[in-house]
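Report on the structure
Chain by chain, the residues:
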Amino acid sequence: YMGFKSMEDPLFKADQLMIRAQQLVASDKDLDAYTDAVDRWTRKCDAANVMAYTSSWGEANPGGGKSEVERYLAKSRKEVVESAEILMT
């Protein structure tokens, strides 16, 4: 869970802010790169949240267990790290 779904979360509507900030990008070339980065960041955030949510059901699913929870959390963590790297571009 990355923290952008509730109004009290630090990243609440960050994707919408990034989209509105597009008008501040100087050139068309930079705008393409910026738009691509925002799209990639949004996809990574969504994937991280899905994996974190899915991990909460890992033990309850048939064939699940603590190892499944850990596997989903590891996938979520990977997406979070990659989303942070996108923000640094």
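So, here's what we can say about the structure. For every chain, the first residue of its written sequence is number 1, and the numbers climb from 1 along that sequence. It should be noted that, the model being predicted, local features are given only for residues of pLDDT at least 70 and side-chain atom pairs only at 80 or more, the latter also being counted only at that level, while totals for whole chains, interfaces and linings use all residues. Excluded from the side-chain calculations are hydrogens and water; all other atoms, namely the structure's heavy atoms, are used.

**Things to note about the environment of Glu8**
Helix and strand assignments follow DSSP, with helices taken as H or I runs no shorter than four residues and strands as E runs no shorter than two, numbered in order from the N terminus. Examined against the element boundaries, Glu8 turns out to sit in the segment before helix H1 (14-20). A sequence separation of 44 residues divides Glu8 from Ala52, and the C-alpha atoms of the two residues are 19 Å apart.

**Side note on the environment of Ser76**
Along the chain, Ser76 falls in helix H3 (residues 66-87). Ser76 gets classed as buried once you look at its relative accessible area, which sits at 5%. Distance in space between the C-alpha atoms of Ser76 and Lys44 is 9.1 Å, their sequence separation being 32 residues. Contact criterion: two residues are considered in contact whenever any of their non-hydrogen atoms come within 4.5 Å of each other. Discounting residues that sit within four places of it in the chain, Ser76 has contacts with Ala48, Met51 and Ala52. Burial status follows relative accessibility: with a 1.4 Å probe on protein chains alone, a residue under 20% of its type maximum counts as buried, one over 50% as exposed, and anything between as partly exposed.

**A look at the pattern of salt bridges**
Between side chains of opposite charge, a pair can form when the charged atoms approach closely. We define a salt bridge as a side-chain nitrogen of Lys or Arg found within 4 Å of a carboxyl oxygen belonging to Asp or Glu. Evaluated as defined, the whole model comprises 5 salt bridges. Among the salt bridges present, the one from Glu79 reaches Lys44, with a minimum N-O distance of 3.2 Å. Here Glu79 is found in helix H3, whereas its partner Lys44 is found in helix H2 (residues 28-55), with 35 residues between them in sequence. Of the charged contacts, one joins Glu82 and Lys44 as a salt bridge, the two residues approaching to 2.3 Å between their closest N and O atoms. With Glu82 in helix H3 and Lys44 in helix H2, this residue pair connects regions lying 38 residues apart in the sequence. A relative accessible area of 22% means that Lys44 is categorised as partly exposed.

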